Amino acid sequence: MKKDIICPDFPHILHGGDYNPDQWSDCPDVLEEDMRLMKLSGCNTMTVGIFSWAKLEPSEGVFDFSFLDKTFDDVYRNGGRIILATPSGARPAWLSQKYPEVLRTFSDRRTALHGKRHNHCYTSPLYLEKTAIINGKLAERYGKHPALIMWHLSNEYGGECHCALCREAFRNWLKAKYGSLDNLNKQWWTSFWAHTYTDWSQIEPPSHIGEDCVHGLTLDWKRFVTHQTADFMRHEIESVRKYTPDIPVTTNLMGFYQGLDYREISKYIDVVSWDNYPSWKGDGSDIDLASEIACVHDLNRSLKHKPFMMMESTPSCVNWKPFNKLKRPGQHMLSSLQAIAHGSDTVQYFQWRKSRGCSEKFHGAVVDHVGNENTRVFREVSELGKRLSKLDQIVGTQTVAKAAILYDWSNQWALDDANAFCKDNKKLLPTLNNFYRPLWKRGINTDIIGFEDNFDKYSLIIAPMIYMVDGRLEKKIADFVETGGTFLATYVFGLVNENDLCHLGGTPCGSLKKVFGIISEETDTLYPDESNKVTMDDKTFTAVDLCDLIHAETADVLANYSSDFYTGMPAFTVNRYGKGKAYFIAFRDKGDFADTVVSKLLSECHITSDFDGELPYGMTAHSRTDGDSIYVFLENFSSSELSTSSKFNWTKVEDGSAVTGSKINLKPYETLILKR
Ligand code: GLA
Ligand code: ZN
């Protein structure tokens with residue numbers, strides 16, 4: 001198996017963070033200290049220039065690269081490398097003042113004043129031109145510098161713009177998609193409430209002061225926002241590629257952020273990276289949180305099915321949550337190594353040094369305002385740096401998963417927009433996590449895949465709340481089961497097509513009725529204080545929120561509802577189809593039932609953890625491999641000491657010492673990195 005190393009010339013775990021020397025250019029002593037502290041902390045990579053445009057181009061067409069020249073040379077001389085950002089995430093005031101078309105317009109048609117960040121119009125030809133100029137200058141100047149290892153495009157692309165340019169671009173995108181207005185009217189079902197369009201110019205993006213009842217429009221607008229953002233990003237890529245064809249590009253994503261379809265965005269970047277800010281509490285709830293974060297790491301790895309980067313995390317606390325609690329001692333080590341366990345090849349921070357003023361002055365940083373190494377946080381970062389420096393052999397190793405969970409942005413957008421069920425709280429992600437957690441706690445590597453991914457490499461695919469199923473997905477699911485796969489779907493399955501039009505002829509759509517051997521007739525929505533009961537193998541489970549009322553055609557019924565007017569109707573079924581099995585769960589439960597079912601399916605599919613041992617609650621194990629060795633990260637997320645055993649004997653990656661499988665102890669928050 002080939003290793004996939006992000007920077008082949010620098011094959012180490014990248015450790016470092018967002019570094020803002022431009023805020024300190026009149027403090028040479030601080031900049032000098034930064035270099036000493038960088039080495040002392042075991043940091044080897046600095047991400048610079050993210051918000052430096054005003055420094056780099058103080059007035060139109062006047063450039064000053066002196067601070068970056070110095071930073072590149074200083075970092076390189078001290079053994080480090082640089083990830084260079086394009087500065088489009090925050091533009092200079094002169095630019096907004098002279099060219100107001102770059103300002104973003106909100107959905108209520110108010111236009112923003114200059115300020116904040118992440119707020120440009122992504123259609124403005126002027127903004128595209130200005131970013132191309134500054135990006136090109138940066139690429140030309142630093143493209144050959146030996147410190148440069150990667151481009152960091154802008155910062156956390158997001159949001160939408162409703163200006164006249166964007167509205168026109170949207171209409172053109174729709175013309176290309178639908179060909180004729182007649183077709184668009186049909187696909188959006190606009191005969192409803194007299195919403196028929198008779199001219200393209202009548203189409204406006206969705207807005208609470210205008211149209212928000214045409215679901216096809218809302219869905220297409222979200223897709224357009226992704227398209228337009230990707231288009232802007234591709235312009236940025238082009239402007240740097242011209243000078244640096246071999247330097248990989250990334251942009252920092254934000255987990256399950258709903259503003260962009262990251263599957264589309266990630267097509268154009270070389271490496272996926274994301275910003276990870278969980279609210280660790282230091283109590284029992286951290287175990288569920290650890291599973292949720294693991295799931296996001298898996299999503300990011302699955303976007304390109306290769307190692308990714310944790311581009312940002314905080315070494316201590318953030319500043320933007322309602323409560324900004326410190327990481328407890330040991331949690332920084334654990335949450336950083338968790339990223340590596342799931343396929344990250346980096347641990348990076350926002351931020352290297354706390355700024356002195358403005359809104360992020362109290363955000364956690366490696367270097368605090370005290371300015372030296374005598375802090376708990378600096379010591380913990382340095383301790384982590386030491387461990388990371390011993391993990392070179394893991395860089396580029398891959399994750400092999402036999403289980404996958406299906407997640408799609410359009411599906412969630414359409415489901416969340418539906419006036420149905422628990423209208424404002426469909427809980428797709430909590431539901432997904434209820435299926436992910438049983439895999440995570442058993443140490444099962446899991447991919448989070450989309451509709452376009454190859455299904456063949458998995459034995460088990462779980463599809464929580466896949467409301468939108470188009471003809472291609474329908475066929476893929478049928479083929480997957482027919483050729484021997486195990487597929488688990490849940491309530492609200494296959495109700496609408498890719499344009500959010502309801503399928504006719506029964507649910508789930510088309511041939512899936514045969515694949516699953518059931519028909520879902522209705523969905524009952526329960527009030528928060530209501531529940532139903534489902535009994536299976538003498539165990540009773542509680543159904544909450546949503547219950548599909550189904551009948552079996554060819555499926556075997558494995559559990560029934562036991563109260564209300566649908567007592568006795570099937571709640572859990574399996575249908576043999578071709579060589580495989582299609583399972584259907586008709587109701588939502590709080591997690592026990594999902595756990596029971598996942599455990600059963602794992603053993604039916606012979607999927608096991610590479611650690612191969614009983615994992616106590618709070619401990620988990622995830623693996624990576626180069627095809628020869630298996631590396632297991634054994635992680636203890638509880639605040640108590642836990643022990644386990646494995647049928648294998650292991651060596652510790654960091655010092656090569658032997659670990660006998662019969663008894664392995666892990667201290668609170670400890671991670672052991674093992675190899676066999
Ligand atoms: C985001 C941004 C950073 C910083 C951090 C603070 O992830 O990308 O610039 O603002 O949040 O947590
Ligand atoms: Zn715009």
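Along each chain, numbering runs from 1 in the same order as the chain's sequence is written. To label them, take the chains in the order written and letter them from A, then take the ligands in the order written and number them from 1. Totals for whole chains, interfaces and linings use every residue, but because this is a predicted model, local features are given only for residues with pLDDT of at least 70 and side-chain atom pairs only at 80 or more, for both listing and counting. To obtain the side-chain values, all non-hydrogen atoms of the structure were included, while hydrogens and water were left out.

A.B. asks: Outline the site of ligand 1, supporting the account with residue identities and numerical values.
C.D. replies: Near residues are defined by distance, with any heavy atom within 4 Å of the molecule or strand qualifying the residue. The immediate surroundings of ligand 1 are formed by Phe51, Arg117, Asn155, Glu156, Asn252, Asp275, Tyr277, Glu312, Trp320, Phe350, Glu360 and His363. A distance of 2.3 Å separates an oxygen atom of ligand 1 from a polar atom in the side chain of Glu360. When ligand 1 is considered free in solution it has 310 Å² of accessible area, and contact with the protein chains removes 96% of it. Under the scheme applied, nonpolar residues are Ala, Val, Leu, Ile, Met, Phe, Trp, Tyr, Cys and Pro; charged residues are Asp, Glu, Lys and Arg; polar residues are all the others, including Gly. Grouping the constituent residues of the shell around ligand 1 by class yields four nonpolar, three polar and five charged. Side-chain atoms alone can form a polar contact between residues adjacent in sequence; in general such a contact is a pair of N or O atoms within 3.5 Å, and within protein one must be able to donate a hydrogen while the other accepts it. All accessible areas in this document rest on Shrake-Rupley with a 1.4 Å probe, and a residue is counted as covered only by the protein chains that are shown.

A.B. asks: Mind laying out helix α14 (residues 428–441), listing which residues take part and the relevant values?
C.D. replies: Labels follow the DSSP assignment, with helices taken as runs of H or I lasting at least four residues and strands as runs of E lasting at least two, numbered in each case from the N terminus. By definition here, a helix of n residues has an expected span of 1.5 Å times n minus one. Over its 14 residues, α14 extends 20 Å from the first C-alpha to the last, a length consistent with the 20 Å expected when each residue adds 1.5 Å. Bend, at a single residue, is the angle you get between axes fitted to the 7 residues ending at that residue and the 7 residues starting at it. Within α14, the axis deviates most sharply at Phe435, by approximately 30 degrees, and proline Pro438 lies no more than four positions further along. Among the 14 residues of α14, ten are classified as buried, and the element is accordingly described as predominantly covered. Working definition: with a 1.4 Å probe on protein chains only, accessible area under 20% of the residue-type maximum means buried, over 50% means exposed, and in between means partly exposed. When we look at burial in α14, the residues that qualify are Leu428, Thr431, Leu432, Asn433, Asn434, Phe435, Tyr436, Pro438, Leu439 and Trp440. Immediately downstream of α14, the backbone of Gly443 shows phi near 70 degrees, a positive value.

A.B. asks: I'd love a proper account of the coordination of the zinc ion (ligand 2), names of residues and values included.
C.D. replies: For Na, K and Ca the donor cut-off is 3.2 Å, and for all other metals it is 2.8 Å, counting N, O and S atoms only; because water is absent from this set, sites may look incomplete. Those protein atoms acting as donors to the zinc ion (ligand 2) are Cys121 (SG), Cys161 (SG), Cys163 (SG) and Cys166 (SG), and they sit at 2.3 Å. Metal-centred angles of 101 to 117 degrees between the four donor atoms at the zinc ion (ligand 2) mark the site as tetrahedral. Read from N- to C-terminus, the donor residues coordinating the zinc ion (ligand 2) fall into the pattern C-x39-C-x1-C-x2-C. Grouping residues by exposure puts Cys161 and Cys166 together as buried. Under the classification used here, a metal with four donors is tetrahedral if each angle lies between 85 and 135 degrees, square planar if opposite donors are over 155 degrees apart and the others between 65 and 115, a six-donor metal meeting that same test is octahedral, and anything else is irregular.

A.B. asks: Quick one: what's the story with the packing of aromatic side chains, residue by residue and with numbers?
C.D. replies: Two aromatic rings from Phe, Tyr or Trp, using only the six-membered ring of Trp, form a pair when their centres are within 6.5 Å; if the ring planes differ by under 30 degrees the pair is stacked, by over 60 it is edge-to-face, and anything between is tilted. Scanning all chains against the criterion turns up 36 aromatic pairs. Between Tyr561 and Tyr566 the ring centres are 4.9 Å apart and the planes differ by 80 degrees, which places this aromatic pair in the edge-to-face class. Since its relative accessible area comes to 2%, Tyr561 is described here as buried. When its relative accessible area of 0% is taken as the criterion, Tyr566 is described as buried. Through a chain of ring-to-ring contacts, three or more aromatic side chains come together here, namely Phe541, Tyr561, Phe565, Tyr566, Phe572, Tyr583, Phe587 and Phe593. The ring of Trp24 carries the charged tip of Arg353 above its face, separated from the ring centre by 5.6 Å. Directly above the ring of Phe648 sits Arg676, whose terminal nitrogen or CZ lies 3.7 Å from the centroid. Distance and angle both matter: a charge sits over a ring if NZ of Lys or CZ of Arg is within 6 Å of the ring centre and within 35 degrees of the ring normal.

A.B. asks: I'd like a rundown of the nonpolar core, residues and numbers included.
C.D. replies: Buried Ala, Val, Leu, Ile, Met, Phe, Trp, Tyr and Cys residues that are joined via side-chain atoms within 4.5 Å together make up what is termed a nonpolar core. The biggest cluster of nonpolar side chains holds 190 residues, and the ones touching the most others in it are Leu84, Ile203, Phe487, Phe493 and Phe516. Element by element, the count of residues in this core is highest for helix α8 (residues 215–241), at ten residues. Here this core spans two domains, since at least three of its residues come from each of domain 1 (403–605) and domain 2 (619–675). By definition, residues are in contact when any of their heavy atoms lie within 4.5 Å. Look past the residues within four positions of Ile203 in its chain and what remains in contact with it is Phe170, Arg171, Leu174, Leu181, Leu184, Trp188, Tyr197 and Leu217. An automatic or database domain assignment provides the domain bounds reported here.

A.B. asks: Give a detailed account of a nonpolar patch on the surface, specifying residues and quantitative values.
C.D. replies: Patches here are clusters of residues that have more than 30% relative accessible area and form no salt bridge, with a 9 Å joining cutoff for like charges and a 5 Å cutoff for nonpolar side chains (Val, Leu, Ile, Met, Phe, Trp, Tyr). The salt bridge criterion pairs a side-chain nitrogen of Lys or Arg with a carboxyl oxygen of Asp or Glu, the two atoms within 4 Å. Together, Trp189, Phe192 and Trp193 line one region of the surface with nonpolar side chains, adding up to about 420 Å² of accessible area. In this fold, Trp193 is placed in the loop between α7 (181–187) and α8.

A.B. asks: Mind laying out the domain arrangement of the chain, listing which residues take part and the relevant values?
C.D. replies: According to the domain assignment, the chain consists of domain 1 (403–605) and domain 2 (619–675). The gap between the C-alpha centroids of domain 1 and domain 2 is 34 Å. Of the residues lining the interface, five residues belong to domain 1; the matching set on domain 2 comes to six residues. Carbon and sulfur atoms make up 43% of the surface buried where domain 1 meets domain 2, a total of about 430 Å² over both sides. Accessible area that two parts lose when put together, evaluated with a 1.4 Å probe and summed over both, is termed the buried area. When the area that domain 1 buries against domain 2 is broken down by residue, the three leading residues are Trp440, Gly443 and Asn445, summing to 84%. The interface formed by domain 1 and domain 2 holds zero salt bridges in total. In this structure, the connection of domain 1 to domain 2 is made through two residue pairs in polar contact (both at pLDDT 80 or more). Of the residues belonging to the side of domain 1 that touches domain 2, the class tally is two nonpolar, two polar and one charged.

A.B. asks: Residue-level account of the sheet that holds strand β5 (residues 249–250), with values.
C.D. replies: Here a strand pair is declared whenever DSSP counts at least two bridges between the two strands. Across the sheet, which stays open at both edges, the nine strands sit in the order β5-β4-β3-β2-β1-β9-β8-β7-β6 with parallel pairing between neighbours. Both outer strands of the open sheet, β5 and β6 (252–253), are each paired with one neighbouring strand and no more. When β6 meets strand β7 (residues 273–275), the two strands line up parallel, connected through two bridges. Along β7, the bridge assignment pairs Leu253 with Trp274.

A.B. asks: Just give me the short version of the pairing of strand β15 (residues 532–536), but keep the residues and values in it.
C.D. replies: Alternating positions in β15 separate cleanly, Asn532, Val534 and Met536 being buried on one face and Lys533 and Thr535 remaining unburied on the opposite face. One ladder, built from five bridges, connects β15 with strand β16 (residues 539–552); its direction is antiparallel. Bridge assignment links Lys533 to a residue of β16, and that residue is Thr542. Where β15 folds back on β16, the antiparallel hairpin that results is connected by two residues, among which Asp537 adopts a positive phi of roughly 45 degrees. Relative to strand β17 (residues 556–561), β15 runs antiparallel, the two being bridged by two bridges.

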